[in-house]
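Examining the three-dimensional arrangement
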Amino acid sequence: MSSSMLSANLFDVKGKVALVTGGSRGIGLMIAHGFVANGVKVYISSRSAKVCDQVAAELTKLGPGECISLPADLQSMDDVKKLVAELSKREKKVHILVNNAGATWGAPLDEYPDEAFEKVMNLNVKRVFSLTQAMLPLLDAAAAENAPANVINIGSVDGIHVPALETYAYSASKAALHQMTRVLAGHLGHRHITVNAIAPGPFESKMMAATLRDFGDIIAANIPLGRIGQPEDIAATCIYLSSRAGAYTNGTIIPIDGGALVKAKH
């Protein structure tokens, strides 16, 4: 194939419909903003209806895409069902599902509570599966051979390496999410639905705020690129995975960490 036959719009996502969970703050907001800026109609969910509504209104003003608030507490299976039911009333098909909503819990090993695993594993793993499963009719409706529907799971580098902080349930949940991503990709590919995960390193988010405040300079110094992640870094990866450029990418775990995982040891 000559280069002249390739599309000039490999990263075009304009006109697509997306659901971004946990889309009112942090990495979810970065992703939602990136999609709206590139012409996507984005539904965002979060537990706080007030915050979700406010963020959706602000993003819609920025355009050229649109942002709609659909509040939900995804710890609850009932809310998962309600979210999909409400979305199904509004859309016949959804091209992109970003499973970003998540929880963490840090505590010393000797004091680490059982409820930490129940909360974190439920939201970070079980409900990602539940929502993806419930979204399949909408994703199937959007899927095509050379333009697959896309599921993007937000994992973490802490699911790949051993983190310095004692976040046992979080690290275990993200490793589980990475493996579930591969399993889902293997079973959904024939339906023209790709499933990939992004494993972010440090980004400015509520979950990372205290850590970056106390250790931000040290963290940046230990990243080969010398900085923490910026909104464009995570948004661009989601756009790639959701566009023609990423249509043959399936079952991958993509670290977006400035090279932290491969830093040479001196």
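For the structure, check the block above.
The structure presented is a predicted model; accordingly, all values stated were derived computationally and were not measured.

Right, let's get into the overall build of the chain. For the chain, the count of helices and strands is 7 helices and 7 strands. Each of the three principal axes of the chain carries a C-alpha extent, and together these read 50 × 50 × 40 Å. Within the chain, buried positions represent 50% of all 266 residues. Within the chain, counting contacts between residues at least 6 apart in sequence, those at least 24 apart form 73% of the total. Accessible surface, the chain: about 13,200 Å² in total, of which carbon and sulfur atoms supply 56%. For the chain, the distance from the average position of its 25 positive side-chain charges to the average position of its 24 negative side-chain charges is 7 Å.

Per the stated rule, a full pass over the model turns up 2 aromatic pairs. Ring geometry for Tyr112 versus Phe117: centroids 5.7 Å apart, planes at 75 degrees, classification edge-to-face. Under the relative-accessibility criterion, Tyr112 is labelled buried at 14%. Each ring, one from Tyr112 and one from Tyr168, has its centre 5.2 Å from the other, and the planes form 85 degrees; the classification is edge-to-face. Placement of Tyr112 in the loop between β4 (96–99) and α4 (114–142) and of Tyr168 in helix α5 (residues 168–188) is noted, with a sequence separation of 56 residues between them. Taking the relative accessible area as the measure of exposure, Tyr168 reaches 30% and is therefore partly exposed. Taken together, the aromatic side chains of Tyr112, Phe117 and Tyr168 make up a single cluster linked through ring pairs.

A word on the nonpolar core. Counting 39 residues, the largest nonpolar core has Leu19, Leu74, Leu87, Leu131, Met135, Leu139 and Ile193 as its most contacted members. Setting aside its immediate chain neighbours within four residues, Leu87 contacts Leu19, Tyr43, Leu70, Val94, Met135 and Leu138. Counting 29 residues, the second-largest nonpolar core is a separate cluster that includes Val20, Val40, Leu241 and Ile256.

A few words on the pattern of salt bridges. Going through the model one piece at a time under the given rule, you end up with 5 salt bridges. The salt bridge involving Lys41 is made with Glu91; its shortest N-O contact spans 2.7 Å. On the criterion of sequence distance, the pair formed by Lys41 in strand β2 (residues 41–45) and Glu91 in the loop between α3 (77–90) and β4 is long-range, its members being 50 residues apart. Lys89 is the salt-bridge partner of Glu86, the closest N and O atoms lying 3.7 Å from each other. With Glu86 and Lys89 both in helix α3, this residue pair falls 3 residues apart, about one helical turn. Glu86 gets classed as partly exposed once you look at its relative accessible area, which sits at 27%. Since its relative accessible area comes to 66%, Lys89 is described here as exposed. Three or more residues are tied together by salt bridges with common partners; here these are Glu86, Lys89 and Arg90.

With an omega of -5 degrees, the peptide bond running from Gly63 to Pro64 counts as cis. The residue His192 is not glycine, and still its phi comes out positive at about 60 degrees. Looking at the element boundaries, His192 is found in the loop between α5 and β6 (193–200). With a relative accessible area of 31%, His192 lands in the partly exposed category.

In a regular helix each residue adds 1.5 Å, so 14 residues correspond to 20 Å; helix α2 (residues 49–62) covers 20 Å between its end C-alpha atoms and thus fits that length. All buried positions along α2 are accounted for by Cys52, Val55, Ala56 and Leu59. For α2, the angular spread of buried residues about the axis comes to 105 degrees, placing them on one side. Opposite the buried face of α2, by more than 90 degrees, sit the exposed residues Lys50 and Lys61. Buried residues along α2 sit against α1 (26–37), β2 and β3 (66–69).

The next subject is the sheet that holds β2. The strand order across the open sheet built from 7 strands is β3-β2-β1-β4-β5-β6-β7, with neighbouring strands paired in parallel fashion. The strands lining the two open edges of the sheet, one partner per strand, are β3 and β7 (253–256). The sheet shows a mean angle of 20 degrees between the axes of neighbouring strands, direction not considered. Two elements, β4 and strand β5 (residues 149–154), share 4 bridges in a ladder whose sense is parallel. Residue pairing across strands places Leu97 opposite Val151, the latter belonging to β5.

Of all 8 residues that make up β6, 8 are buried, and the element is covered over most of its length. Residue alternation in β6 divides its side chains into two sets, Ile193, Val195, Ala197 and Ala199 and Thr194, Asn196, Ile198 and Pro200, and both sets are buried. When β5 meets β6, the two strands line up parallel, connected through 6 bridges. Note on β6: the bridge partner recorded for Val151 is Val195. In this fold, β5 hands off to α5, which returns the chain to β6; that crossover is right-handed.

How each quantity is defined
Residues numbered from 1 in each chain as written. Predicted model: local features only at pLDDT ≥ 70, side-chain atom pairs only at ≥ 80, totals over all residues. Heavy atoms only, no water. Helix = DSSP H or I, 4+ residues; strand = E, 2+ residues; numbered from the N terminus. Buried < 20%, exposed > 50% of the residue type's maximum accessible area, 1.4 Å probe, protein only. Contact = heavy atoms within 4.5 Å. Areas by Shrake-Rupley, 256 points an atom, 1.4 Å probe, with all protein chains shown as cover. Lys, Arg positive; Asp, Glu negative; His and termini not counted. Charge placed at Lys NZ, Arg CZ, Asp CG, Glu CD. Phe/Tyr/Trp six-rings, centres within 6.5 Å; stacked < 30°, edge-to-face > 60°. Core = buried A, V, L, I, M, F, W, Y, C linked by side-chain atoms within 4.5 Å. Salt bridge = Lys/Arg side-chain N within 4 Å of Asp/Glu carboxyl O. Expected span 1.5 Å × (residues − 1). Arc of directions from axis to C-beta. Pairing = 2+ DSSP bridges. Axes fitted to C-alpha atoms, helices over the stretch in contact; angles between N-to-C directions. Right-handed = clockwise from strand over helix to strand, strands pointing away.

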